[in-house]
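Inside the fold
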Amino acid sequence: MNQINSRQRLWRRRFPNTTFTSLILAASCAAPFGKVTAAQIEEIVVTAQKREQGSQDIGAAITAFGSDQLAKSDFNNIGDLQAMAPSLQIGESFGFAQIMIRGIGTDNPFAGGDPSVAMHIDGVVTGQSSAQFGSLFDIERVEVLRGPQGTLYGRNATGGSINVITQKPSEELNGYARVTVGNYELAKLEAAAGGVLTDGVMGRIAVRALDRGGYGENIADGGDIDDAKQQSIRGQLLFEPSDTVSVRVSAERHEEDDANYIPKFRAPSYDPAPLAALEPQPVDGTRASDPRDINSNVDLQNEREQESYSLEANWDINEVFSLTSLSNYQTFEKTPQADFDMTEVDFYIWSESFETEQTSQELQLNFSTDRVQGIVGFFYYHEEIESDNRLDLNLVPQFVIDGNPTLTGCGFDDNQSNRIIGTAEEDLCFLFRGSAEAEAYALFTNVSVDLTDDLTLNVGGRYSDESREGYTDYWTAPGAPVLTFADDKSFKEFSPSVRLEWNANDDVLLYAGYSEGFKSGIFLSGQRSPVLDPEIVDAFEIGMKGMFLDRQLQLNAAAFYYDYTDLQQGRSVPAGTSGFTLVYENAASAEITGWEMEFTWLASEVVRIDGSVTYLDATFDDYTSTDPFDTVYQQLGLIDAGVDLTQQLSGNRMVQSPEWAGNLGVTLDFQLANDWALSSTLAASYKDQVYFSQFNHDALSQESVTTVNGNVTLTSPDEQWTVNMWGKNLTDEEIYLGTFILNSSRTNAGFMAPPRTYGLTVGYNF
């Protein structure tokens, strides 16, 4: 079992990323490693709230994973949490992470939208969904917090938060190196080292390099798709000029240059097509028969660059108060390119240039007495986004363009063949260019008061003042003039929280609470939707955390009800018989009810069983919209022009919100005769049907599916060497993480989770 030395305790006391930090290692390390010497679940006690506190002492729905558990599962990014935490669903569209917790998240794949589930790395928020898929390495732990967040964090979130805590510099010389090989030509190196550099100065450096062949093939040229070529590096310096002051500086860079996140043909949009015009276009093209392959003449690409620079300063003012300042600057750029007709024929190409730059500043005043603990914080956030969406569509015969120059760029002879990145604007059929800017200020506080030895009242509040503005400065379409669209809006909101915790006895905690979640309005760069209003969630939750069977069983459960208003929803509306435009709007309301349970049971000295189950009823309460399929049918005369196509979607399930989900894992720990330790885990995860459309079309969904993961780990007697054999999706299920309609090519395109993967990791720790 991992142990916490005095230096780590001091670090957690001085650098509390959140008030919840203290419970995480207990949850992630409660599972014993090697032979269990006592059949009891032991909590690790930390002092992040300036008092000793274990995981079962805080009333909050949190699941956490320690570094050992992540390493055994070949953890790469947040997508690998998919089957590990209750109520968590992670989809993907064009490389945008679509994270949902308890039915709350975002399915928006366009620049300018905020995630509904925040992702923090060492307390710093990652502002854009695309950047959330960056690599994660040299990790101490990952926390998944469920429910609205805002009174403990700089950035507010309606759905929850995924907190990533990296390994920090320490006085001890330590580090590791891990080499991984696997199928699909996987080769990965991860290494880190840290220790004292000079008096009062400690450092740590970590690197990661990954090279993997494609899960699919472009059969037109034999090249890989959904491959990976990534490099990452992080450096940290920790200065301790005195016993009460410390400063940590961190710099990180991540790069990708591959053909990942490629949309692939799933099915015709209209199946069967009532008219020839609704058959997949172009009619003379051939699409790959294997869902993981593509037949494309386009130079497919995924290029990404991500940098982050942080400065964290901490001052222990006295025995009661401490002050923390966290400053951050980060950038993210990507340039993807894809084939939207998915054939070897010149027809429809898409590319995007996306850049974002964000700055944040957070101040925290922490205080702790015998009966009162809390935080008062100030947060500032600024983000600028530039996007350039380019579409080249083979629409019009050249002789028509010769007589109508406004159509230049959309002719058969104008098509840019396999590459439109860098093409002159006048040679493109469609161009959506724009920018968006967000600025936010917030004051927040959270205070816990021990009313009695067994009863604690936790109250919090957040005042948010945010503004959004943006414009689309150049937009062309066949026969249409250049358009300029701009909008701006500001928002102010107070979001309270209150929670009561009762220790029924030494091993059982009961809690009940209310919190309000606030997500700012958004402006989508390059689109023509006005700034949307904020989303508001009124969340009610009751829960229990307990140790039973002489601490052989840890059982946590929660039930929740959310009243969700002004949801930010998007839908594609056809513009003519070939093009489409995005309409983003505030849906009226939704209601979410559900419950979740997770447990760890030490069945014997060598057998541990972990599991969870979630029931989620996430449905629209009052949402009227128009199905794009019906709009096309009406345009083509298949539905009478006088028919009102508006639908009431009340009762429809919200996107990416499975009704039932659960996982069950069995771990066996043995001490071998040669004093090597063997640990083996086999885990199954089930998720019910997931819809990718508010209209709940089966063709735009992922059917219920069960996946199986496993690993076998050998550890040397001195715990320096590890050999880990791992496998994921062992039954090789075909799983869609996202599906969307391309109206111009009349196709249903999708993004898929990895197939069966397996490999061997050899590690050395020092």
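The paragraphs below set out a description of the structure included in this document. (Residues numbered from 1 in each chain as written. Predicted model: local features only at pLDDT ≥ 70, side-chain atom pairs only at ≥ 80, totals over all residues. Heavy atoms only, no water.)

Section: helix α5 (residues 628-635)
Quick reminder: α-helices carry 3.6 residues per turn. Residues three or four places apart thus point the same way. Defined as follows: Under the scheme applied here, a residue whose accessible area is under 20% of the maximum for its type counts as buried, over 50% as exposed, and between as partly exposed, the area being computed with a 1.4 Å probe on protein chains only. Secondary structure elements are taken from DSSP: a helix is a run of H or I of four residues or more, a strand is a run of E of two residues or more, and numbering for both begins at the N terminus. The arc in question is traced by the directions running from the helix axis to the C-beta atoms.
For α5, the complete set of buried residues consists of Pro628, Phe629, Thr631 and Val632. Along the axis of α5, the buried residues cluster in a sector spanning 160 degrees; they form a single face. Downstream of α5 by a residue or two, glycine 637 has a phi angle that is positive, lying close to 85 degrees.

What to know about a nonpolar patch on the surface
Convention followed: A patch consists of residues exposed above 30% relative accessible area that lack any salt bridge, with like charges linked at up to 9 Å and nonpolar side chains (Val, Leu, Ile, Met, Phe, Trp, Tyr) linked at up to 5 Å. In this description, accessible areas are obtained by the Shrake-Rupley approach with a 1.4 Å probe, and a residue is regarded as covered only by the protein chains that are shown. Between Lys or Arg on one side and Asp or Glu on the other, a salt bridge is scored when a side-chain nitrogen of the former is within 4 Å of a carboxyl oxygen of the latter.
A cluster of nonpolar side chains, namely Val179, Val181, Leu189, Trp721, Met725, Leu760 and Val762, defines an oily patch on the protein surface of about 580 Å² accessible area. Elements with a minimum of two residues in the nonpolar patch: β9 (174-182), β36 (721-728) and β39 (757-765). In this structure, valine 762 sits in strand β39.

A few points about the nonpolar core
Selection criterion: For our purposes a nonpolar core is just a set of buried Ala, Val, Leu, Ile, Met, Phe, Trp, Tyr and Cys residues, chained together by side-chain atoms within 4.5 Å. Contacts are assigned to residue pairs that have any heavy atoms within 4.5 Å of one another.
Membership of the largest hydrophobic core comes to 29 residues, with the highest contact counts inside it found for Phe94, Phe340 and Leu391. Those elements that provide at least two residues to this core are β19 (348-368), β20 (372-393), β21 (430-450), β37 (736-742) and β38 (747-752). The residues touching leucine 391, leaving out its near neighbours within four places in the chain, are Phe340, Tyr348, Ile349, Trp350, Ile420, Leu428, Cys429, Phe430 and Phe432. Grouped together as the second largest cluster of nonpolar side chains are 22 residues, Ile99, Leu136, Ile162 and Val164 included.

As for the sheet that holds β38
Convention followed: Any two strands with at least two DSSP-identified bridges between them are counted as paired. Axis geometry follows a simple rule: fit a line to the C-alpha atoms, using only the stretch in contact for helices, then measure angles between N-to-C directions, giving values from 0 to 180 degrees.
What the 3 strands build is an open sheet, ordered β16-β38-β37; its pairing is antiparallel. Two strands close off the open sheet at either side, each with one partner strand: β16 (264-268) and β37. Pairwise comparison of adjacent strand axes, ignoring direction, gives a mean angle of 30 degrees for this sheet. Here β37 runs beside β38; their pairing, made up of 6 bridges, is antiparallel.

A few points about the pairing of strand β8 (residues 160-166)
The element β8 is extensively covered by neighbouring structure, given that 7 of its 7 residues are classed as buried. Inspection of the sheet shows strand β5 (residues 117-121) paired to β8 by 5 bridges, in the parallel sense. The residue bridging histidine 120 from the neighbouring strand is asparagine 163, located in β8. In the sheet, strand β7 (residues 139-146) pairs with β8 via 7 bridges, with the strands oriented antiparallel. Bridging from a neighbouring strand, glutamate 143 pairs with asparagine 163 of β8.

Looking at empty space enclosed by the protein
Test applied: Whether a set of points on the 1 Å grid over the protein atoms alone is a cavity depends on a 1.4 Å probe fitting there but being unable to get out, while an open set qualifies as a pocket with protein on both sides within 12 Å along at least five of seven lines; lining residues are those with an atom within 4 Å of a point. Grid points are joined across faces, edges and corners, and a volume is the space filled by probe spheres set on the points. Three classes are used: nonpolar for Ala, Val, Leu, Ile, Met, Phe, Trp, Tyr, Cys and Pro, charged for Asp, Glu, Lys and Arg, and polar for all others, with Gly counted as polar.
The tally for this structure, following the rule as stated, stands at 15 cavities of 30 Å³ or more. Approximately 290 Å³ is the volume found for the second largest cavity. Lining the second largest cavity are 23 residues, with Ile121, Thr126, Glu252, Ser308 and Gln330 sitting closest to its centre. Counting residues per element, the ones that place at least two in the lining of the second largest cavity are β5, β6 (124-125), β15 (245-258), β17 (301-316) and β18 (321-339). Split into classes, the residues belonging to the lining of the second largest cavity amount to 7 nonpolar, 11 polar and 5 charged.

Section: the side chain of serine 135
Going by this rule: In the analysis that follows, any N or O atom pair within 3.5 Å is treated as a polar contact, provided that within protein one partner can donate a hydrogen and the other can accept it, and provided that, for residues neighboring in sequence, both atoms belong to side chains.
Structurally, serine 135 is set in the loop between β6 and β7. A distance of 2.7 Å separates polar atoms of two side chains, one belonging to serine 135 and the other to serine 232. For serine 135, the side chain forms a polar contact with the side chain of histidine 254, separated by 3.2 Å. Once you skip the residues sitting within four places of it in the chain, serine 135 turns out to touch Asn76, Arg208, Gln230, Ser232, Glu252 and His254.

What to know about the packing of aromatic side chains
Keep this limit in mind: Classification of ring pairs rests on two measures: the distance between centres of Phe, Tyr or Trp rings, Trp counted by its six-membered ring, which must be within 6.5 Å, and the angle between planes, read as stacked under 30 degrees, edge-to-face over 60 and tilted in between. Our definition puts a charge over a ring when NZ of Lys or CZ of Arg is within 6 Å of the ring centre and also within 35 degrees of the ring normal.
Under the criterion given, the structure shown has 26 aromatic pairs. Considering the side-chain rings of phenylalanine 340 and tyrosine 348, the 5.3 Å spacing of their centres and the 90 degrees angle between planes classify their relative orientation as edge-to-face. Judged by relative accessible area, which is 4%, phenylalanine 340 ranks as buried. Residue tyrosine 348 is classed as buried on the basis of its relative accessible area, which comes to 2%. We note arginine 234 situated over the ring of phenylalanine 137; from NZ or CZ to the ring centre the distance is 4.3 Å. Between the NZ or CZ atom of lysine 334 and the centre of the ring of phenylalanine 354, over which it lies, the distance is 5.5 Å.

Digging into the sheet that holds strand β2 (residues 88-93)
A sheet is described by the order of its strands in space; here 3 strands give the open sequence β2-β3-β4, paired in antiparallel fashion. In the strand order of this sheet, the two ends are held by β2 and β4 (104-105), each with one partner. Relative to strand β3 (residues 96-101), β2 runs antiparallel, the two being bridged by 6 bridges. Within the sheet, the bridge partner assigned to glutamate 92 lies in β3 and is alanine 97.

Things to note about the pattern of salt bridges
Think of it this way: side chains of opposite charge can pair up when their charged atoms draw near. What the rule picks out here adds up to 32 salt bridges. With a shortest N-O distance of 2.8 Å, arginine 204 and aspartate 138 are connected by a salt bridge. Here aspartate 138 lies in the loop between β6 and β7 and arginine 204 lies in strand β11 (residues 201-212), a separation of 66 residues in the sequence. Taking relative accessible area as the criterion, arginine 204 reaches 7% and is therefore assigned buried. Assessed through its relative accessible area of 2%, aspartate 138 is described here as buried. The salt bridge involving arginine 499 is made with glutamate 501; its shortest N-O contact spans 2.9 Å. The class of arginine 499 is buried, set by a relative accessible area of 16%. Residues joined by salt bridges that share partners form a network here, namely Arg102, Arg146, Glu541, Glu596 and Glu598.

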